[in-house]
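# A structural walkthrough
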Number of protein chains: 2
Amino acid sequence: MKNINIILVGAGNVGKAFLRVVHEKKDFCLKHYRLNLKVPFIFSSKGAFCCPLCEDSQEILRKLYPEFTFEESKYWKPGFSYTQALSSVDPGVLAECTPSNIKDGEPALTIIREAMETGWNIVTANKGPLVVDFAGLIKKARKNKVTLKISGATGAALPTLDVALYSLAGTEIYRAEGILNGTTNYILTRMMEGLIYSEALREAQEKGIAEPDTSLDVEGWDTASKILLIANAVYGTGLRLQDVKREGITSIPQEIKNESQKKGKNLKLLGKILKNGHKVRLEVALSILDSSHPLYMVNGTEKGMTFYTDNMDSVTVTGGKSDPRGAAAALLKDIINIYREK
Amino acid sequence: MKNINIILVGAGNVGKAFLRVVHEKKDFCLKHYRLNLKVPFIFSSKGAFCCPLCEDSQEILRKLYPEFTFEESKYWKPGFSYTQALSSVDPGVLAECTPSNIKDGEPALTIIREAMETGWNIVTANKGPLVVDFAGLIKKARKNKVTLKISGATGAALPTLDVALYSLAGTEIYRAEGILNGTTNYILTRMMEGLIYSEALREAQEKGIAEPDTSLDVEGWDTASKILLIANAVYGTGLRLQDVKREGITSIPQEIKNESQKKGKNLKLLGKILKNGHKVRLEVALSILDSSHPLYMVNGTEKGMTFYTDNMDSVTVTGGKSDPRGAAAALLKDIINIYREK
């Protein structure tokens, strides 16, 4: 049995779901993976829950379950710093769940760098720091002999990178296409069923599928970020967000929609990776799929990705829960796989 | 860089494809995984190619490429034994590619056991020994601190077990359904297009999709074997082939076929895993899928599998090359992942 200390940074929807999943899966992880998960530190935007000496922090957390109102606990310390936490217990995994900031990656980028330098492995659900400096973080991880896993930021419960790096190990992936954003796929699906864009968008917002500010989704930035991270992780490239040719779904010509409908085709916003020799090209493009395309039936908020390889032909993965619990389960999966590989 | 000695046992279609893939991917594996693959021993049914002291056995093999007519090489030794090979070089991976024998698993079972006892990891494309004694082999692997990987026997280029064990780590899989046999799926697809069973079967045989003896496929034995291996690997159960409730596709009532066609549904032979508490039930059943089922569009020789989990919803994987090269690539993938995990 191995004790694994986890520092959670960010106690929003995904962070709280992660605590619930870790809590529910404690015995499961002990039995199946011989990992004893502990969460001695939890940082929210307002302070920290600190329980480094607790015999079983899970037991303490259980009393706060399911809402985790840390502020009411005697372990709540408003002024506690990351630096203190990182050096108070044996390094394990820092789970980074702060809100995504693809402009400069902060505050996550600074936290992740410091954690790596003190021997902590990283799992993250946050695209921000990875979009800004994935190459630098990978280099720092190698230097400090720690692992960085990013399933939470590249499809979450849909295993995109796992399939590319593990299930397709040894193959050359020369092309990949993914429906990687549930909000845009929901809007497009409803548009193919007859709604106009503004109606479909409003419906998605009313159902809580789309955020109030949808620009990151509908303008293709979220898909661009994911395809960028997947490509950089698979090929070791240092591509940047501005290298992704990108379009959104906000101004689809009526005739394209009509023609797709008439011919029984489907409109999808695809993130695409195209490799030619050493050159990797990335784009987010509105695409018309016919029924022979493996992602043709991926509708509503569902996601999916197809990898085209030299020796295994194409492999497609679809599904995976698109909510905080799915993202939380992806973080836990990455933690388990870090220790499998060490 | 790590030198990896590989002993190949079985130089039929899959074994030869494996040699070709290892040969073509030598530089790729060195660059991407820092693994230097060497194949000092190759056993066919007639003898062995032995090159333990060759500076680079790949270089020697290159001269035999692409047909690998070992018998003409000066390294050919008709009477050489496995035992000698296993102890002549540093243990690496034994790749087992002899023909499948689900009756008693031999000769593979004896070879695998001996290899494990002398410190060799195992990758295999052969269901036989795994169907007969998976639990015993897993126990022996643990005892000898070696790894047994079986992608080649559980979908090959379609990553079924990888997804279940790696991509879905930490989840509880409570149900799984797979189209795991390309031959039966081809026959069923053609039947849904109007052929009767005997016509579809003959066509499959003419196209080289079905073997001359198709009973293992069309009576559901192949699907039953795969579902058995996947379940035993995922749950650590010791289920046996006789525990799988099984039907084939040889006598489908005409009215079932007609009704499926009329309603736009699809007939599939599904391998099913159903977990209820600690009880795991396995069956191979002809199933009528409507268009909402994730495997509805998996037609022809294509395969696919859906896993239903507690925290990630369902995840479906489809595709993967169904030929010796796909199986060979799956063996190489398993070798790479063994060393990633050590």
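### Overview of the overall build of chain A
Assigned secondary structure in chain A consists of 13 helices and 13 strands. Across its three principal directions, the C-alpha atoms of chain A cover 65 × 45 × 40 Å. When the 342 residues of chain A are sorted by exposure, 52% land in the buried category. For chain A, restricting intrachain contacts to residue pairs at least 6 apart in sequence, the fraction spanning at least 24 positions comes to 73%.

### A short note on the packing of helix α7 (residues 160-167) of chain B against helix α11 (residues 221-235) of chain B
Residue and element names in this part refer to chain B. Where α7 meets α11, the closest approach of the two axes is 10 Å, and the angle between their N-to-C directions is 15°. When the interaxial angle is binned, α7 and α11 end up roughly parallel. The chirality of how α7 crosses α11 is right-handed. Listed contacts from α11 to T160, L161, A164 and L165 of α7 are I230, A233 and V234. Tallied by class, the residues present in the contact of α7 with α11 amount to 6 nonpolar, 1 polar and no charged.

### As for the relation of the copies chain A and chain B
It takes a turn of 180° to lay chain A on chain B, together with a shift of 0.0 Å along the axis; the resulting RMSD is 0.0 Å. Taken together, the turn and the small shift mark the pair as related by a two-fold rotation axis. A high fraction, 100%, of the interface residues of chain A reappear at the interface in chain B, so the copies pair face to face through one surface.

### With respect to helix α11 (residues 221-235) of chain A
One turn of an α-helix holds 3.6 residues; hence residues three or four places apart share an orientation. End to end, α11(A) covers 21 Å across 15 residues, agreeing with the expected 21 Å (1.5 Å per residue, within 8%). Counting buried positions over the 15 residues of α11(A) gives 13, a clear majority of the element.

### Concerning the interface of chain A and chain B
Between chain A and chain B, the residue contacts involve 34 residues of the former and 34 residues of the latter. Residue assignment for the side of chain A that touches chain B shows that the elements contributing at least two residues are α7 (160-167), β13 (314-319) and α13 (324-340) of chain A. Here the element with the most residues in the side of chain A that touches chain B is α13(A); it accounts for 8 residues. Of the strand pairs in this sheet, β13(A) and strand β13 (residues 314-319) of chain B are connected by 5 bridges, and their pairing is antiparallel. Bridge pairing in β13(B) places V317(A) opposite V317(B).

### Overview of the sheet that holds strand β1 (residues 2-9) of chain A
All names here are of chain A. Sheet architecture is open: 7 strands sit in the order β4-β3-β2-β1-β5-β6-β7, paired in mixed fashion. Only two strands of the sheet have a single neighbouring strand rather than two, namely β4 (76-77) and β7 (148-149). Pairing analysis gives 2 bridges linking strand β3 (residues 47-50) to β4, with the strands arranged antiparallel. Residue pairing across strands places F49 opposite W76, the latter belonging to β4. Sheet strands touched by helix α5 (residues 108-117): β1, β5 (93-96) and β6 (121-124). Its angle to β5, the strand with the most contacts, is close to 175°.

### Quick notes on the pairing of β13(B)
All names here are of chain B. Judged by how many residues are buried, β13 sits mostly within the fold: 5 of 6 residues are covered. Sheet topology note: the strand β12 (residues 304-309)/β13 ladder contains 5 bridges and is antiparallel. Note on β13: the bridge partner recorded for Y308 is S314. In this antiparallel pair of consecutive strands, β12 and β13, the connection spans 4 residues, and D313 shows a positive phi of 55°.

### Let's talk about the environment of K263(B)
Residues and elements named next belong to chain B. Relative to the helices and strands, K263 resides in the loop between α12 (254-262) and β10 (266-276). A residue is classified by how many C-beta atoms lie within 10 Å of it, and K263, with 11 of them, is exposed. Considered as a pair, K263 and L239 are 24 residues apart in the sequence and their alpha carbons are 37 Å apart.

### Remarks on the sheet that holds β12(B)
With mixed pairing, the 12 strands of this open sheet are ordered in space as β9(A)-β11(A)-β10(A)-β8(A)-β12(A)-β13(A)-β13(B)-β12(B)-β8(B)-β10(B)-β11(B)-β9(B). The outermost strands of the open sheet, each flanked by one partner alone, are β9 (244-246) of chain A together with β9 (244-246) of chain B. Across the sheet, the mean angle separating the axes of adjacent strands is 15° when strand polarity is ignored. Of the strands in this sheet, β8 (173-179) and β10 of chain B touch helix α8 (residues 182-192) of chain B, which is tilted by about 135° from β10(B).

### Comments concerning the nonpolar core
Counting 212 residues, the largest nonpolar core has L8(A), F18(A), L8(B) and F18(B) as the members making the most contacts within it. The contact partners of F18(A), leaving out residues within four places of it in the chain, are L8(A), A95(A), C97(A), A328(A) and L331(A).

### Considerations on the pairing of strand β11 (residues 279-289) of chain A
A regular strand carries its side chains on alternate faces of the sheet. Residue and element names in this part refer to chain A. For β9 and β11, the ladder comprises 3 bridges, and the chain directions are parallel. The partner of V244 across the bridge, within β11, is L282. Note: strand β10 (residues 266-276) against β11, 11 bridges, orientation antiparallel. Within the sheet, the bridge partner assigned to L269 lies in β11 and is L286. Connecting the antiparallel pair β10 and β11 is a turn made up of 2 residues, with G277 showing a positive phi of about 60°.

### A word on α5(A)
Residues and elements named next belong to chain A. Every buried residue belonging to α5 is among A108, L109, I111, I112, A115 and M116, and all of these are buried. When α5 is viewed along its axis, its buried side chains cluster within an angular range of 165° and face the same direction. Turning to α5, the residues buried within the fold contact β1, α4 (82-88), β5, β6 and α6 (127-143). At the exit of α5 stands G119, carrying a positive phi of roughly 90°.

Analysis parameters
- The residue numbering used here restarts from 1 in each chain and proceeds along that chain's sequence as written.
- Chain A is the first chain written and ligand 1 is the first ligand written, with later ones labelled in order.
- The predicted nature of this model means local features are confined to residues of pLDDT at least 70 and side-chain atom pairs, given and counted, to a pLDDT of 80 or more, with totals for whole chains, interfaces and linings taken over all residues.
- Strands are runs of DSSP state E lasting at least two residues, helices are runs of H or I lasting at least four, and both sets are numbered from the N terminus onward.
- Residues with at least 20 other C-beta atoms within 10 Å of their own are called buried, those with 12 or fewer are called exposed, and the rest are partly exposed. The C-beta atoms themselves are positioned from the backbone.
- Each residue is represented by a C-beta atom placed from its backbone, and any two residues with such atoms within 7 Å are regarded as in contact.
- For helices, the fitted line uses only the C-alpha atoms of the stretch in contact; every axis is such a line through C-alpha atoms, and the angle between N-to-C directions lies from 0 to 180 degrees.
- Geometric relationships in this document are graded by angle, where less than 35 degrees denotes roughly parallel, more than 145 denotes roughly antiparallel, 65 to 115 denotes roughly perpendicular, and other angles denote oblique.
- Should the near helix be turned anticlockwise from the far one by less than a right angle, the crossing is left-handed, and should it be turned clockwise, the crossing is right-handed.
- Ten residue types, Ala, Val, Leu, Ile, Met, Phe, Trp, Tyr, Cys and Pro, are classed as nonpolar, four, Asp, Glu, Lys and Arg, as charged, and the remainder, Gly among them, as polar.
- The least-squares superposition of copies is restricted to C-alpha atoms, and to residues with a pLDDT of at least 70 in both copies.
- Expected span, for any helix, means 1.5 Å times one less than how many residues it has.
- For two strands to be treated as a pair, DSSP must find no fewer than two bridges joining them.
- By convention the nonpolar core is taken to be a set of buried residues drawn from Ala, Val, Leu, Ile, Met, Phe, Trp, Tyr and Cys and joined through C-beta atoms within 7 Å.
- This arc describes the spread of directions from the helix axis toward the C-beta atoms.

Coordinates in, geometry out; function isn't part of it.
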